[in-house]
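Inside the fold
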Amino acid sequence: MKVAERASLQALNSFSAPATAGLLATIEREEDLLDLPTLDPGRDLVLGDGSNVLLVGDVPGTVFLNRIMGRSVVADDGRNAMLEVGAGENWHALVQWTLNQRLCGLENLSLIPGSVGAAPIQNIGAYGVELSSVLDSVTAWDWQTRAWLCFSAEECELAYRDSLFRSGAPDRYLITSIRLRLSHEFQPRLDYAGLREELAARCLARPTAQDVSDAVIRLRRRKLPDPAEIGNAGSFFKNPIVEADLAARLLADHPGLPNWSAQDDTVKLSAAWMIERCGLKGHREGDAAVSERHALVLVNHGTATGAQILLVAHTVQAAVSAEFGILLEPEPRIVDFKG
Ligand code: FAD
Ligand code: EPU
């Protein structure tokens, strides 16, 4: 385990927001956890690759940086395989590795930034697939009892951009590894808008899993700003899920509002469309802004602080609330130990 004092976090978050940690502890082996004090939720923070956090200020205590590596196929009957993956592995590198092993199931989740250990936190999802469709179980260190626990996928309470680890018991567990069930048989999931067209444009009538992955990568590169070029955390707000009668009222006033039916007679609405409709696409307050490319993404044009990005988020929330009567909920974790 490496430990550094007064460490900068600017290169460790995809917004490139300036912040420091009192201590930065890089966890490379599960056993490192045995030597660590218990996490204090009022002072400390677990970080993977920092692609879904907004650091509004410094972290006064310790940032526990998860770098536990390792990938192995623990069972394979020729049709299905079980993988065990260390939480510090890079998610997209894992997706590409599984495709090279001719294992299917992760292709729609290509190019999502971040670490494997963070994937269950918000049940990552894209292009019509969520982690929940392949997750078998999660192993996590319980900071309170100082022991490892294994959670079945059901016990993780995965939902749209949510889980036990995010809402039910935040900061109680540090995920150290996950198990995934993948298949040697490819079942294409092409219903998300634009995916079929992207494949058809390349005359791929019978695409392979690698073709789907490549198409998702092309779509994502076209739509989303790259954090290596401009700081961002992907979608800054969740798409709101509302009761069917409220959705019907909003759609009567705004027939163009993209919507998808969700569970239990609810409807998911496009937050990007609402923000664009409020005239805020590209809206800028100094170096903090709404992306010109995608209205759901907040960006750092260079020198914005987390606090300045949060002010833009408040501008967006106020405008959408005034126009649509809906309070947008941030997707990244807002890290503000003073606020
Ligand atoms: P971090 O930002 O480091 O942490 C996120 C949260 O998880 C924090 O609360 C942290 O404390 C906690 N955490 C991290 N690791 C652990 C651990 N091992 N144990 C316990 N808690 C932990 N997300 C999607 O779902 N779909 C997308 O399509 C998508 N596209 C994106 C595109 C861009 C350009 C960007 C920048 C982000 C996108 N995201 C997307 C969000 C992000 O990629 C995911 O949320 C990702 O899983 C975050 O991983 P991370 O390692 O960077 O997590
Ligand atoms: N749209 C606009 N204006 C824009 C951008 C999009 O009106 O500037 C409209 C589009 O026309 C489209 C709709 O919004 O009809 C949806 O857009 P998109 O397909 O880009 O998806 P999204 O709802 O904005 C969600 C996820 C993404 C995920 C994509 C693809 C959330 C909060 N975001 O975005 O996840 O990659 O779908 O599945 O659910 C993330 O979580 O960080 C993330 C990037």
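To be clear, the structure that these remarks concern was listed above.
Residues numbered from 1 in each chain as written. Chains lettered and ligands numbered in written order. Predicted model: local features only at pLDDT ≥ 70, side-chain atom pairs only at ≥ 80, totals over all residues. Heavy atoms only, no water.

1. Here's the deal with helix α7 (residues 306-324)
- The terminal C-alpha atoms of α7, which comprises 19 residues, lie 26 Å apart, in line with the 27 Å expected from a rise of 1.5 Å per residue.
- Burial in α7 covers these residues: G306, I309, L310, V312, A313, V316, Q317, V320 and F324. Seen from one end, α7 has its buried residues packed into an arc of 155 degrees, which puts them on one side. Exposed residues lying more than 90 degrees from the buried face of α7 are L311 and A322.
- Once α7 ends, the next one or two residues include G325, with phi positive near 70 degrees. (Helix = DSSP H or I, 4+ residues; strand = E, 2+ residues; numbered from the N terminus. Expected span 1.5 Å × (residues − 1). Buried < 20%, exposed > 50% of the residue type's maximum accessible area, 1.4 Å probe, protein only. Arc of directions from axis to C-beta.)

2. Details of the nonpolar core
- Formed by 42 residues in total, the largest nonpolar core has its most connected members in W91 and L180.
- Sorting the residues of this core by element identifies β7 (80-86), α1 (91-100), β10 (135-142), α2 (164-168), β12 (173-183), α3 (195-201) and α4 (209-223) as the ones contributing at least two each.
- Ignoring any residue separated from it by four or fewer positions in sequence, one finds L180 in contact with A81, M82, L83, L94, L106, L131, V134, L135 and D136.
- Counting 34 residues, the second-largest nonpolar core is a separate cluster that includes F237, L298, I309 and I326. (Core = buried A, V, L, I, M, F, W, Y, C linked by side-chain atoms within 4.5 Å. Contact = heavy atoms within 4.5 Å.)

3. A few points about the packing of aromatic side chains
- Taken as a whole and assessed by the stated rule, the structure comprises nine aromatic pairs.
- For the ring pair F151 and F165, a centre distance of 5.3 Å and an interplane angle of 85 degrees mean the geometry is edge-to-face. Residue F151 is located in strand β11 (residues 147-152), and its partner F165 is located in helix α2; the two are separated by 14 residues in the primary sequence. The residues F151 and F165 share a single accessibility class, namely buried.
- Taking 4.9 Å as the distance between ring centres and 75 degrees as the angle between the ring planes, the aromatic pair formed by F151 and Y173 counts as edge-to-face. (Phe/Tyr/Trp six-rings, centres within 6.5 Å; stacked < 30°, edge-to-face > 60°.)

4. A few points about the site of ligand 1
- Close to ligand 1 lie 33 residues; V46, G48, S51, S115 and R220 are nearest.
- In the model, an oxygen atom of ligand 1 is placed 3.3 Å from a nitrogen or oxygen of the R333 side chain.
- Notes on ligand 1: free accessible area 980 Å², of which the protein chains cover 94%.
- The set of elements that each furnish at least two residues to the shell around ligand 1 consists of β3 (45-47), β8 (125-126), β12 and β13 (231-235).
- Residue composition of the shell around ligand 1, grouped by class: 15 nonpolar, 13 polar and five charged. (Near = heavy atom within 4 Å. Polar contact = N/O pair within 3.5 Å; in protein donor to acceptor, adjacent residues only side chain to side chain. Areas by Shrake-Rupley, 256 points an atom, 1.4 Å probe, with all protein chains shown as cover. Nonpolar A, V, L, I, M, F, W, Y, C, P; charged D, E, K, R; others polar.)

5. Points about the site of ligand 2
- Taken together, 23 residues sit near ligand 2, with Y127, Y160, Y192, E276 and E331 positioned nearest.
- Between S270 and ligand 2, the recorded distance is 3.0 Å, taken from a side-chain N or O atom to an oxygen atom.
- One of the side-chain N or O atoms of K281 is found 2.8 Å from an oxygen atom in ligand 2.
- Considered on its own, ligand 2 offers 820 Å² of accessible surface; in the complex 82% of this is hidden by protein.
- Contributions of two or more residues to the shell around ligand 2 are made by α4, β13 and α6 (271-277).
- Residues of the shell around ligand 2, tallied by class, amount to 11 nonpolar, five polar and seven charged.

6. A word on the side chain of N232
- Note on placement: N232 falls in strand β13.
- Here the side chain of N232 touches G234 through a polar contact of 2.8 Å, landing on its backbone nitrogen.
- Discounting chain neighbours no more than four positions away, the residues touching N232 are S14, F15, P225, D226, P227, V297, L298 and V299.

7. Looking at the pattern of salt bridges
- Counted under the stated rule, the structure contains 18 salt bridges.
- Linking R333 and D171 is a salt bridge whose minimum nitrogen-to-oxygen distance equals 3.1 Å. Here R333, found in strand β20 (residues 333-335), pairs with D171, found in the loop between α2 and β12; they are 162 residues apart in sequence, far enough to count as distant.
- Ionic pairing is found between K281 and E276, a salt bridge with its closest N-O pair at 3.5 Å.
- Its relative accessible area of 43% is what places E276 among the partly exposed residues.
- Overlapping salt bridges bring together R29, E31 and D32 as one network. (Salt bridge = Lys/Arg side-chain N within 4 Å of Asp/Glu carboxyl O.)

8. Looking at the environment of A81
- Along the chain, A81 falls in strand β7.
- Note on A81: relative accessible area 5%, which makes it buried.
- Distance in space between the C-alpha atoms of A81 and Q210 is 18 Å, their sequence separation being 129 residues.
- If near-sequence neighbours (up to four positions away) are discounted, A81 is found in contact with V73, A75, D76, L103, L180, R181, L182 and H184.

9. Quick word on the sheet that holds β10
- Taken in spatial order, the five strands make up an open sheet running β6-β7-β12-β10-β11, and their pairing is antiparallel. Every other strand in the sheet has two partners, leaving β6 (71-76) and β11 as the edge strands with one partner each. If you compare each strand with its neighbour and ignore which way they point, the axes differ by 20 degrees on average.
- Pairing analysis gives five bridges linking β6 to β7, with the strands arranged antiparallel. Of the residues in β7, the one forming a bridge with R71 is V85. (Pairing = 2+ DSSP bridges. Axes fitted to C-alpha atoms, helices over the stretch in contact; angles between N-to-C directions.)

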